[in-house]
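The chain contents come next:
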Amino acid sequence: DTGVSQNPRHKITKRGQNVTFRCDPISEHNRLYWYRQTLGQGPEFLTYFQNEAQLEKSRLLSDRFSAERPKGSFSTLEIQRTEQGDSAMYLCASSPPHTDYGYTFGSGTRLTVV
Amino acid sequence: AQRVTQPEKLLSVFKGAPVELKCNYSYSGSPELFWYVQYSRQRLQLLLRHISRESIKGFTADLNKGETSFHLKKPFAQEEDSAMYYCALKGGGYQKVTFGTGTKLQVIP
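This one's a predicted model, so the numbers in the text were calculated from it and none came from an experiment.

Quick notes on the rules
Residues numbered from 1 in each chain as written. Chains lettered and ligands numbered in written order. Predicted model: local features only at pLDDT ≥ 70, side-chain atom pairs only at ≥ 80, totals over all residues. Heavy atoms only, no water. Helix = DSSP H or I, 4+ residues; strand = E, 2+ residues; numbered from the N terminus. Rg over C-alpha atoms; globule rule 2.2 N^0.38 Å. Buried < 20%, exposed > 50% of the residue type's maximum accessible area, 1.4 Å probe, protein only. Pairing = 2+ DSSP bridges. Polar contact = N/O pair within 3.5 Å; in protein donor to acceptor, adjacent residues only side chain to side chain. Contact = heavy atoms within 4.5 Å. Axes fitted to C-alpha atoms, helices over the stretch in contact; angles between N-to-C directions. Phe/Tyr/Trp six-rings, centres within 6.5 Å; stacked < 30°, edge-to-face > 60°. Lys NZ or Arg CZ within 6 Å of the ring centre and 35° of its normal. Disulfide = S-S within 2.5 Å.

Novice: Where do I start with the overall build of chain B in this structure?
Specialist: When helices and strands are tallied, chain B shows zero helices and 11 strands. Along chain B, helices and strands appear, N-terminal first, in the series β-β-β-β-β-β-β-β-β-β-β. Rg of the C-alpha trace for chain B: 13 Å, near the compact-globule value of 13 Å for 109 residues, within the 12% margin. When the backbone C-alpha atoms are referred to their principal axes, chain B occupies close to 45 × 30 × 25 Å. Taking all 109 residues of chain B together, 46% fall into the buried category.

In structure tokens:
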């Protein structure tokens, strides 16, 4: 286990296309998070899974965004009908089942919408 | 609502000088606070948590509830400390963590 893995590293897409990103968390971590980061900003929370259940969802997550974690292992984040404003770094993180532990982050997927 | 403010975008210090990265938060309950660091071309990683009261790489941070602050300090800066530092807050029984906008620390040799 080499940590949190995200694929692809980079994605360039045309406006209006759909994109899907994948995150593989650390295997012992039952908690998984998606964040978005734009230039000059800190990461912004998108959604949180505990095992396969999506327990928290930000108002930032419009209906064009959907996330799944079907078997409580890897997760996917899909953006439909991409817009230029969706261009950002999408970060995945995971944490073990202890409330005081911080996150382990992946390297992120950089999305550019042209 | 929870908010984290890092007032400095950039902090430049000379090697060997003390460092203080400021973090103020807004939250009505009892928060959990963290500092994360991102070195050049590396992923974001946890530096320290207030709940563990630990010192990592010579850095410490004390939660001051009266001033709603969680400043990060190091007595003598080293060149390898140059990085982006983010203060973060979790609270209210939720798992969502709110990050500040970050401070870039530049240690001048």
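Still more to cover.
Novice: Looking at this model, I keep getting lost on the sheet that holds strand E8 (residues 72–74) of chain B. Mind explaining?
Specialist: Hydrogen bonds between backbone atoms are what pair the strands of a sheet, whose relative direction is either parallel or antiparallel. All names here are of chain B. Taken in spatial order, the three strands make up an open sheet running E3-E8-E7, and their pairing is antiparallel. With partners counted over all chains shown, the strands left at the sheet margins are strand E3 (19–21) and strand E7 (60–61), one partner each. Relative to E8, E7 runs antiparallel, the two being bridged by two bridges. Pairing of Ala 61 across the sheet is with Leu 72, part of E8.

Novice: Would you mind showing me how to read the side chain of Arg 64 of chain A here?
Specialist: Its place among the elements puts Arg 64 of chain A in the loop between strand E6 (53–57) and strand E7 (65–68). Polar contacts involving the side chain of Arg 64 of chain A include one to the main-chain carbonyl oxygen of Arg 81 of chain A, which spans 3.2 Å.

Novice: In this structure, what is going on with the pairing of strand E11 (residues 109–113) of chain A? I would like to understand it.
Specialist: The side chains of a regular strand alternate between the sheet's two faces. Residues and elements named next belong to chain A. In E11, alternate side chains face the same way, and those of Thr 109, Leu 111 and Val 113 are buried while those of Arg 110 and Thr 112 on the opposite face are not. Alignment of strand E2 (residues 10–13) against E11, held across four bridges, turns out to be parallel. Residue pairing across strands places Lys 11 opposite Leu 111, the latter belonging to E11. Across three bridges, the pairing between strand E9 (residues 88–95) and E11 is antiparallel. Bridged to Tyr 90 within E11 is Thr 109.

Novice: Any chance you could explain the environment of Asn 51 of chain A here in plain terms?
Specialist: Residue and element names in this part refer to chain A. Within the fold, Asn 51 resides in the loop between strand E5 (44–50) and E6. On a C-alpha basis, the gap between Asn 51 and Gly 16 in space is 31 Å, while along the polypeptide they are 35 residues apart. The contacts of Asn 51, once residues within four sequence positions are left out, are Asn 30, Arg 69 and Gly 72.

Novice: What is the right way to look at the sheet that holds strand E3 (residues 19–24) of chain A in this model?
Specialist: All names here are of chain A. Taken in spatial order, the four strands line up as E1-E3-E8-E7 in an open sheet, and their pairing is antiparallel. Edge positions in the open sheet fall to strand E1 (5–7) and E7, since each of these has one partner strand only. The average angle at which neighbouring strand axes cross in this sheet is 15 degrees, direction not considered. Pairing of E3 with strand E8 (residues 75–79), which is carried by five bridges, proceeds in the antiparallel orientation. Residue pairing across strands places Phe 21 opposite Leu 77, the latter belonging to E8.

Novice: Help me understand the packing of aromatic side chains, please; the structure alone is not making it clear to me.
Specialist: For any pair of aromatic rings, the description consists of the separation of the ring centres together with the inter-plane angle of the planes. Counted by the stated rule, this structure contains 14 aromatic pairs over all chains. Through pairs of rings, three or more aromatic residues link up here, namely Tyr 33, Tyr 35, Phe 45, Tyr 48, Tyr 103 and Phe 105 of chain A together with Phe 34, Tyr 36 and Phe 99 of chain B. The side chain of Arg 22 of chain A reaches across the aromatic face of Phe 74 of chain A, ending 3.9 Å from its centre.

Novice: Can you help me understand the environment of Phe 105 of chain A in this one?
Specialist: With respect to the secondary-structure elements, Phe 105 of chain A resides in strand E10 (residues 104–105). When the C-alpha positions of Phe 105 of chain A and Ile 26 of chain A are compared, they lie 9.8 Å apart, and in sequence the two are 79 residues distant. Look past the residues within four positions of Phe 105 of chain A in its chain and what remains in contact with it is Val 4, Leu 91, Cys 92 and Ala 93 of chain A together with Tyr 36, Arg 43, Leu 44 and Phe 99 of chain B.

Novice: Would you explain the state of the cysteines in this entry?
Specialist: All chains considered together, the criterion is met by two disulfides over all chains. Between the sulfur atoms of Cys 23 of chain A and its disulfide partner Cys 92 of chain A the distance amounts to 1.9 Å. Its S-S torsion of about -70 degrees marks the bond between Cys 23 of chain A and Cys 92 of chain A as left-handed, since a negative value means left-handed. With Cys 23 of chain A in strand E3 and Cys 92 of chain A in strand E9, the pair connects residues that are 69 residues apart, well separated along the chain. Given a relative accessible area of 0%, Cys 23 of chain A falls into the buried group. At a sulfur-sulfur separation of 2.0 Å, the disulfide partner of Cys 23 of chain B is Cys 87 of chain B.

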